[in-house]
Amino acid sequence: MQEYWVWLYYNSTQLQTIGSLSQAVGSVAAVIVAIALAVVAWKQARAADAQAEAARAQIPTSLYIADIQTSPNISITQVVRDRRIIGGRVVILNNGFGSAKEITLAYRDPNSANEVLLANSTLVVRDSLEAVIDETRAQVSGLTLTYSTNFGTRYELDFGWDRIAHRSTNEKLRPVARRFDVPVELRKSTSQ
C-alpha cells in the first residue's frame, strides 16, 4: 500500500493536471448539453405555438360544421284538416336537427303592418307552427321567414305564395349573419 502512496506523491502534479483537464472537458460537455437542451426546448416551444395556432384556425371550421349539422330545416306548407286544405293558413315545419329561434314571418311589401303574428318564436325539432296570412297579399308581395340557429347564424327564407294551390313557391334560403367567420375554403365550396 505504501508503494501506492509513493506513486501518488510523485505523480500528483500530473494527476492534478489530468483532473483539471477532466473538469474542463466535463464543463465543455455540460455547456454543449445545456445548449442542446435549450435548442430542444426552443423547438418544442415553436411546435407548441404551431399546434396552438392550428387549433385556433380550426375553431371557425368546427363552428361552421357544427352549425350546419345542427341547423333547422324549415318547410312551409298549407294547413290540411280532415283531408281539406284550410285557406289563409300556413304551417312552418322544422324537419332539421336543431331548433329555430327568434322566428319572425313578414310580408315583403313596404306596408307598416307587415309582420304576421306567430304563437311563439322558437320551433324545436320535428315541431310545427301555424300562422294566419292574407293569401292575396302574400301572393302579391311574398313573405320572409327569419330565424336563428343554436350557433347564432341568422337565415332568411323568402318565398312566394300561390293562393289557388295554397302553397309556397320560389323558396330562397340565405344566411344573413353569423357570429363566426366562415373559413375561406368552406366559403368557396358552399357558394357553388
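Structure: see above.
Basis of the calculations
- Residues numbered from 1 in each chain as written.
- Predicted model: local features only at pLDDT ≥ 70, side-chain atom pairs only at ≥ 80, totals over all residues.
- Heavy atoms only, no water.
- Pairing = 2+ DSSP bridges.
- Helix = DSSP H or I, 4+ residues; strand = E, 2+ residues; numbered from the N terminus.
- Axes fitted to C-alpha atoms, helices over the stretch in contact; angles between N-to-C directions.
- Buried < 20%, exposed > 50% of the residue type's maximum accessible area, 1.4 Å probe, protein only.
- Polar contact = N/O pair within 3.5 Å; in protein donor to acceptor, adjacent residues only side chain to side chain.
- Contact = heavy atoms within 4.5 Å.
- Core = buried A, V, L, I, M, F, W, Y, C linked by side-chain atoms within 4.5 Å.

Trainee: Just checking my understanding: could you explain the sheet that holds strand β2 (residues 84–94) for this structure?
Mentor: Backbone-to-backbone hydrogen bonds join strands into a sheet, with any given pair of strands oriented parallel or antiparallel. The three strands lie next to each other as β1-β2-β5, forming an open sheet whose pairing is antiparallel. The strands lining the two open edges of the sheet, one partner per strand, are β1 (74–81) and β5 (128–132). For this sheet, the mean inter-axis angle between neighbouring strands, taken without regard to orientation, is 35 degrees.

Trainee: Mind showing me how you'd approach the side chain of R137 here?
Mentor: The residue R137 is located in helix α2 (residues 135–141) in this model. Residue R137 is classed as buried on the basis of its relative accessible area, which comes to 19%. In terms of polar contacts, R137 uses its side chain to reach the backbone carbonyl oxygen of A113, at 3.0 Å. Contact partners of R137, with chain neighbours within four places excluded, come to Y107, D109, N111, A113, N114 and G142.

Trainee: Would you mind going over the environment of F159 with me for this structure?
Mentor: Structurally, F159 can be placed in strand β7 (residues 154–162). Counting along the chain gives 52 residues from F159 to Y107, while the straight-line C-alpha distance between them is 9.8 Å. Discounting chain neighbours no more than four positions away, the residues touching F159 are I76, L105, R108, G142, L143, L145, S168, T169, N170 and E171.

Trainee: What is the right way to read the sheet that holds strand β3 (residues 101–107) from this model?
Mentor: Ordered by their spatial adjacency, five strands build an open sheet running β4-β3-β6-β7-β8, and the pairing between neighbours is antiparallel. Each edge of the open sheet is held by one strand with a lone partner, namely β4 (115–116) and β8 (167–177). Examined bridge by bridge, β3 and β4 share two bridges and lie antiparallel to one another. Across the sheet, residue L105 finds its bridge partner in β4, namely V116.

Trainee: Before we go on, may I ask you to explain the pairing of β5 in this structure?
Mentor: It is a general feature of regular strands that their side chains alternate between the two faces of the sheet. On β5, burial follows the alternation: L129 and A131 on one face are buried, whereas S128, E130 and V132 on the facing-out side are not. Two strands pair when backbone bridges link them, and β2 and β5 are joined in this way by five bridges, in the antiparallel orientation. In the strand pairing of β5, R89 is matched with V132.

Trainee: Would you mind going over the nonpolar core with me for this structure?
Mentor: If you look at soluble globular proteins, the nonpolar side chains tend to sit buried side by side. Membership of the largest hydrophobic core comes to 22 residues, with the highest contact counts inside it found for I74, I76, I92, L105, I133 and L145. Looking at this core, the elements with two or more residues in it are β1, β2, β3, β5, β6 (143–148) and β7. It is β7 that provides the largest number of residues to this core, a total of four residues. With near-sequence residues (within four places) excluded, L145 lies in contact with I74, I76, I92, I103, T104, L105, Y155, E156, L157 and F159.

Trainee: What's the story with the pairing of β7 in this structure? I'm lost.
Mentor: Of the strand pairs in this sheet, β6 and β7 are connected by six bridges, and their pairing is antiparallel. Looking at β7, one finds that L145 is bridged to L157. In textbook terms, the turn of a hairpin is the stretch between consecutive antiparallel strands, and for β6 and β7 this stretch comprises five residues, one of which, G152, has a positive phi near 90 degrees. Relative to β8, β7 runs antiparallel, the two being bridged by eight bridges. Residue E156 lies in a different strand from β8, and its bridge partner there is R174. Between β7 and β8, which pair antiparallel in sequence order, lie four residues; one of them, H166, sits at a positive phi of approximately 55 degrees.

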